[in-house]
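As a plain string of letters, each chain reads:
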Amino acid sequence: MLVLITYDVSTINAEGRRRLSQVAKKCQDYGQRVQNSVFECILDATQLRRLRLELEALIDPATDSLRLYNLGDKYKTKVAHIGAKPAYDMDSPLII
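The rules behind these values
- Residues numbered from 1 in each chain as written.
- Predicted model: local features only at pLDDT ≥ 70, side-chain atom pairs only at ≥ 80, totals over all residues.
- Heavy atoms only, no water.
- Salt bridge = Lys/Arg side-chain N within 4 Å of Asp/Glu carboxyl O.
- Helix = DSSP H or I, 4+ residues; strand = E, 2+ residues; numbered from the N terminus.
- Buried < 20%, exposed > 50% of the residue type's maximum accessible area, 1.4 Å probe, protein only.
- UniProt positions renumbered as here; feature names shortened; annotations may be inferred.
- Pairing = 2+ DSSP bridges.
- Axes fitted to C-alpha atoms, helices over the stretch in contact; angles between N-to-C directions.
- Contact = heavy atoms within 4.5 Å.

**Student:** Whenever I open this one, the pattern of salt bridges confuses me. Can you help?
**Tutor:** Opposite charge on two side chains permits pairing when their charged atoms draw close. By the definition in use, this model includes 5 salt bridges. In this structure, D64 and R19 form a salt bridge, with 2.7 Å as the shortest nitrogen-oxygen distance. Here D64, found in the loop between α2 (45-58) and β4 (65-72), pairs with R19, found in helix α1 (residues 14-30); they are 45 residues apart in sequence, far enough to count as distant. Of the two residues examined, D64 and R19, each falls in the buried class. Of the charged contacts, one joins K26 and D29 as a salt bridge, the two residues approaching to 3.9 Å between their closest N and O atoms.

**Student:** Quick question: what am I supposed to make of the UniProt feature "binding site: Mg(2+)" (unreviewed entry) in the chain here?
**Tutor:** The UniProt entry lists D8 under the feature "binding site: Mg(2+)" (unreviewed entry), expressed in the numbering used here. Position of D8 relative to the elements: it lies in strand β1 (residues 2-8). Its relative accessible area of 54% is what places D8 among the exposed residues.

**Student:** Teacher, can you tell me more about the sheet that holds β1 here?
**Tutor:** Think of a sheet as strands paired side by side through backbone hydrogen bonds, with each pair either parallel or antiparallel. Ordered in space as β2-β3-β1-β4, the 4 strands form an open sheet in which the pairing is antiparallel. Edge strands, defined here as strands with exactly one partner in the open sheet, are β2 (31-35) and β4. Averaged over all pairs of adjacent strands, the angle between their axes in this sheet comes to 25°, without regard to strand direction. Relative to the sheet, α2 contacts β1, β3 (38-42) and β4, its axis offset from that of β4 by approximately 170°.

Have a look at this one:
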C-alpha cells in the first residue's frame, strides 16, 4: 500500500533540529522524499505499524505533528504530479 507521511517538527531549539533530522532519516529508510517534509512509502501492514511506532518515539507530541495517509494498493489512480522533481516508480525495477 502507498502511505503518504507528512510531518512538522518544531526547530526552535537544538533538540527540535535533532528530531527533525531523525524523522527525515527514518522516513528515508522506508520511502522517497517528494517534498521537504513529505514522503511516499510503499509498505505492508507490518512495516506501517513498525514505522508509525518508530516515528512516534522520535517526535515530541506537544510541539510536533505527524500525519500518515493510507492511499491503499490502488494508489496509481489517486496520485497526480505537476511540476518539477517527478518521483520515481517505487514498484518498478531499479537498475544501477
